[in-house]
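# Breakdown of the fold
Take a look at the letters that make up each chain.
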Amino acid sequence: MRVVNQRWMSLEEYDELRETTDKPLEYMNGVVCMVPSPSTKHQRISGRMYVELFHFFEKTDCEVFHAPFDVELYSNEIDEKYIVVPDLCVICDKEGLQDQKYVGVPTWIIEILSPSNQAHDLVFKLNIYMRYQVKEYWIVNPMLNSIQVYALNERKQYDQVEVIKEKGSVRSSIFPAFSVDVAKIFS
């Protein structure tokens, strides 16, 4: 994850910067980061996950979106501003959908790690998503062929509810009818 600005940047300045580049950028409460280009393996995993999610949510009130798609995290209780570009997100409250982005809190976010963004997704984004109350967060690790599942508990903290490596099925905690074969995702 590469930091673009060396000074604090307003949301208005970020919007102006977004108009001058086609590179995916994230806004982290004044710090702008460039999202790394995905590897071939990353793209394959993302595509396979998207297909599984698309078919599962096809006839429901929820919809799946894949990167690059901006998500402006919004909560009445938080003054900070974050605009993220998750690899995949499931949105069930479609009120915040706009032409170019979603404003609100997705129900479920999936991030696929790259060697250059591991700490960003494993620590920084995990904490941000927990603060904004994203109900479920999956971290897909192509280097280890593993998927970690985090779900909000009654104290509004993430519990790691499952870790699957290389084979077996991983199941959503909030959509229990959804599961994927890990070997198929990483093949």
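Structure first, text after, so check above.
Residues numbered from 1 in each chain as written. Predicted model: local features only at pLDDT ≥ 70, side-chain atom pairs only at ≥ 80, totals over all residues. Heavy atoms only, no water.

Right, let's get into the state of the cysteines. What the rule picks out here adds up to 1 disulfide. With a sulfur-sulfur separation of 2.0 Å, cysteine 62 is cross-linked through a disulfide to cysteine 92. With the S-S bond torsion at 105°, the cross-link from cysteine 62 to cysteine 92 turns out right-handed. Taken together, the positions of cysteine 62 in the loop between helix H2 (40–57) and strand S4 (63–66) and cysteine 92 in the loop between strand S7 (88–91) and strand S8 (101–104) put the pair 30 residues apart, joining distant regions of the chain. (Disulfide = S-S within 2.5 Å. Helix = DSSP H or I, 4+ residues; strand = E, 2+ residues; numbered from the N terminus.)

Where charged atoms of side chains with opposite charge meet at close range, the side chains can pair. By the definition in use, this model includes 10 salt bridges. Glutamate 63 is the salt-bridge partner of lysine 94, the closest N and O atoms lying 3.4 Å from each other. Of this pair, lysine 94 sits in the loop between S7 and S8 while glutamate 63 sits in strand S4, placing them 31 residues apart in sequence. For lysine 94, a relative accessible area of 33% gives the class partly exposed. For aspartate 121, the salt bridge identified is with lysine 125, shortest N-O distance 3.8 Å. Taken as a pair, aspartate 121 and lysine 125 lie in helix H3 (residues 118–131) at a separation of 4 residues, close to a single helical turn. On the accessibility criterion, aspartate 121 (0% relative accessible area) is buried. (Salt bridge = Lys/Arg side-chain N within 4 Å of Asp/Glu carboxyl O. Buried < 20%, exposed > 50% of the residue type's maximum accessible area, 1.4 Å probe, protein only.)

A separate point is the packing of aromatic side chains. One pass over the full model with this rule turns up 18 aromatic pairs. Aromatic pair phenylalanine 56 and phenylalanine 175: ring centres 6.4 Å apart, planes at 70°, arrangement edge-to-face. In this pair, phenylalanine 56 is assigned in helix H2 and phenylalanine 175 in the loop between strand S13 (169–171) and strand S14 (179–181), connecting sequence segments 119 residues apart. With relative accessibility at 28%, the residue phenylalanine 56 sits in the partly exposed group. Measuring from centroid to centroid gives 6.0 Å for tryptophan 108 and phenylalanine 175, while their planes differ by 25°, and the two rings are stacked. One end of the pair, tryptophan 108, is in strand S9 (residues 108–112); the other, phenylalanine 175, is in the loop between S13 and S14, with 67 residues separating them in the sequence. A residue is classified by how much of its surface remains accessible, and tryptophan 108, at 0% relative accessible area, is buried. (Phe/Tyr/Trp six-rings, centres within 6.5 Å; stacked < 30°, edge-to-face > 60°.)

Attention now moves to the sheet that holds strand S10 (residues 136–141). Strands belonging to one sheet form pairs held by backbone hydrogen bonds; the direction of such a pair is parallel or antiparallel. In space, the 6 strands of this open sheet follow the order S4-S7-S9-S10-S11-S12, with mixed pairing throughout. If you trace the sheet from one side to the other, it starts and ends with S4 and strand S12 (158–165), each paired once. When strand polarity is set aside, the average angle formed by the axes of neighbouring strands in this sheet is 15°. In terms of strand pairing, strand S11 (residues 146–152) meets S12 through 7 bridges, oriented antiparallel. Note that in S12 the partner of serine 146 across the bridge is lysine 165. Across the face of the sheet, H2 comes into contact with S4, S7, S9 and S10 while running at roughly 160° to S9. (Pairing = 2+ DSSP bridges. Axes fitted to C-alpha atoms, helices over the stretch in contact; angles between N-to-C directions. Contact = heavy atoms within 4.5 Å.)

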